[in-house]
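Analysis of the macromolecular model
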Amino acid sequence: MSDRFPSGDISGEFDWEGSEDLTSVPEQELSGKLVELAEEERAVSYRRRILQGRIDVIRSELVRRGGTALSPEDLARVLMGETPAERESEES
């Protein structure tokens, strides 16, 4: 997987403003970039599927226990390992 988004940080990597003019890039270089981006997309897609599976398991377990499923935001916090104390300090 790419080092572009370490520790879940996805900020600032989608700015196309300063990109080079692709019409002037040699075909071989474009092919290489395409392969690189396709691999990155595959890795991101795999990670997304893994996370979705974890979300589904946690929601199912909460429902099984007679509770209600967490909101997507609360579930994301649980998956990222945030403790209730950290959440309360953010809300204050």
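Residue numbering note: each chain is counted from 1, following its sequence as written. Two thresholds apply to this predicted model, a pLDDT of at least 70 for residue-level local features and 80 or more for giving and counting side-chain atom pairs, whereas whole-chain, interface and lining totals are computed over all residues. To get the side-chain values, all heavy atoms of the structure are used, and hydrogens and water are removed first.

**Topic: the overall build of the protein**
Across its full length, the protein carries 3 helices and 0 strands. Numbering goes from the N terminus for both helices and strands, where a helix is a DSSP run of H or I of at least four residues and a strand is a run of E of at least two. Reading the secondary structure of the protein in the N-to-C direction produces α-α-α. Burial statistics for the protein: of 92 residues in total, 9% are counted as buried. Only protein chains enter the accessibility calculation, which uses a 1.4 Å probe; a residue whose area is less than 20% of its type maximum is buried, one above 50% is exposed, and one in between is partly exposed.

**Things to note about the confidence of the model for the protein**
Note that predicted coordinates carrying low pLDDT should not be read in detail. Confidence scores labelled pLDDT are given residue by residue by the predictor and lie between 0 and 100. Considering every residue of the protein, the mean pLDDT works out to 77; 70% of them sit at 70 or more. The lowest-confidence element of the protein is helix α3 (residues 84-91), averaging 61 in pLDDT; the highest-confidence one is helix α1 (residues 27-64), averaging 91.

**Digging into the packing of α1 against helix α2 (residues 72-79)**
To define axes, lines are fitted to C-alpha atoms, for helices over the stretch in contact only, and angles between the resulting N-to-C directions are given on a 0 to 180 degree scale. Here α1 crosses α2 at 105 degrees, and the two axes come no closer than 11 Å. One way to sum up the angle between α1 and α2 is to call them roughly perpendicular. Residues L51, R54, I55, I58 and R59 of α1 lie in contact with α2, whose contacting residues are P72, L75 and L79. The residue classification treats Ala, Val, Leu, Ile, Met, Phe, Trp, Tyr, Cys and Pro as nonpolar and Asp, Glu, Lys and Arg as charged. All others, Gly included, are polar. Among the residues making up the contact of α1 with α2, the classes are represented as 6 nonpolar, no polar and 2 charged. With respect to orientation, any angle under 35 degrees is reported as roughly parallel, any angle over 145 as roughly antiparallel, any angle of 65 to 115 as roughly perpendicular, and every other angle as oblique. Contacts between residues were defined by any pair of non-hydrogen atoms, one from each residue, lying within 4.5 Å.

**Quick word on the pattern of salt bridges**
A pairing counts as a salt bridge when a side-chain nitrogen of Lys or Arg comes within 4 Å of a carboxyl oxygen of Asp or Glu. Per the counting criterion, the structure on display carries 2 salt bridges. As a salt-bridge pair, K33 and E29 come within 3.9 Å of each other at their nearest N and O atoms. One end of the pair is K33 and the other is E29, both in helix α1 and 4 residues apart, which spans about a single turn. Accessibility expressed as a relative area gives 37% for E29, which makes it partly exposed. Among the ionic pairs, R42 bridges to E39, the shortest N-O distance being 2.7 Å. Pair noted here: R42 and E39 are both in helix α1, with a separation of 3 residues, about one helical turn. With a relative accessible area of 41%, E39 lands in the partly exposed category.

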